[in-house]
Amino acid sequence: MAPYDIAELGIAHVPEGRRVFANLSVEENLIVGSYARRARAQRPKLLAEVYDLFPRLKERCQQLAAA
């Protein structure tokens, strides 16, 4: 399968470490991760779920990811 088809199924590889877009905010990095069509349609719900699981991300949502 093509990589974009695999990603559309919700399967992804998430490397460990600080592999984020340093000049984007924490929330902007999360939004980049919800690029697939299915995820975009549910973005507010998915962001709320992530923030429930990781409340520190919500506290830092406007902070630059590199900080």
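Whatever comes next refers back to the structure up there.
Here's a quick rundown of the structure.

Quick notes on the rules
- In every chain, residue numbers begin from 1 and rise along the written sequence.
- Local features in a predicted model are, by the rule used here, given only for residues with pLDDT of at least 70; side-chain atom pairs are given and counted only at 80 or more, and totals for whole chains, interfaces and linings are based on all residues.
- Computation of side-chain values: all heavy atoms of the structure, hydrogens and water removed.
- The helix and strand labels rest on DSSP assignments: H or I over at least four residues marks a helix, E over at least two residues marks a strand, and numbering proceeds from the N terminus.
- Under this definition, polar contacts are N or O atom pairs within 3.5 Å; protein pairs additionally need one hydrogen-donor-capable and one acceptor-capable atom, and for neighbouring residues in sequence, both atoms have to be side-chain atoms.
- Patch members must show over 30% relative accessible area and no salt bridge, and they are joined within 9 Å when carrying like charges or within 5 Å when they are nonpolar side chains of Val, Leu, Ile, Met, Phe, Trp or Tyr.
- Accessible surface area values rest on a Shrake-Rupley calculation with a 1.4 Å probe, where residue burial reflects the displayed protein chains alone.
- The salt bridge definition used is simple: a Lys or Arg side-chain nitrogen within 4 Å of an Asp or Glu carboxyl oxygen.
- Relative accessibility under 20% of the residue-type maximum defines a buried residue, over 50% an exposed one, and the middle range a partly exposed one, all with a 1.4 Å probe and only protein chains included.
- A contact between two residues is defined here by any heavy atoms of the two lying within 4.5 Å.

**A few points about the side chain of Ser25**
Structurally, the position occupied by Ser25 is in the loop between α1 (3-8) and α2 (26-32). Only 3.5 Å separates the side chain of Ser25 from the backbone oxygen of Cys61, close enough to count as a polar contact.

**Some thoughts on a nonpolar patch on the surface**
A cluster of nonpolar side chains, contributed by Met1, Ile6 and Leu9, occupies part of the molecular surface with about 320 Å² of accessible area. Under the relative-accessibility criterion, Leu9 is labelled partly exposed at 48%.

**As for the pattern of salt bridges**
Enumeration over the complete set of coordinates arrives at two salt bridges. The shortest N-O distance in the salt bridge between Glu49 and Lys45 comes to 3.1 Å. Placement of the pair is Glu49 and Lys45 together in helix α4 (residues 43-53), with a separation of four residues, close to one helical turn. Overall, the relative accessible area of 37% leaves Glu49 in the partly exposed class.

**Topic: the side chain of Asn29**
Looking at the secondary structure, you find Asn29 in helix α2. When its relative accessible area of 16% is taken as the criterion, Asn29 is described as buried. Excluding residues within four positions of it along the chain, Asn29 makes contact with Val20, Phe21, Leu24 and Ala65.

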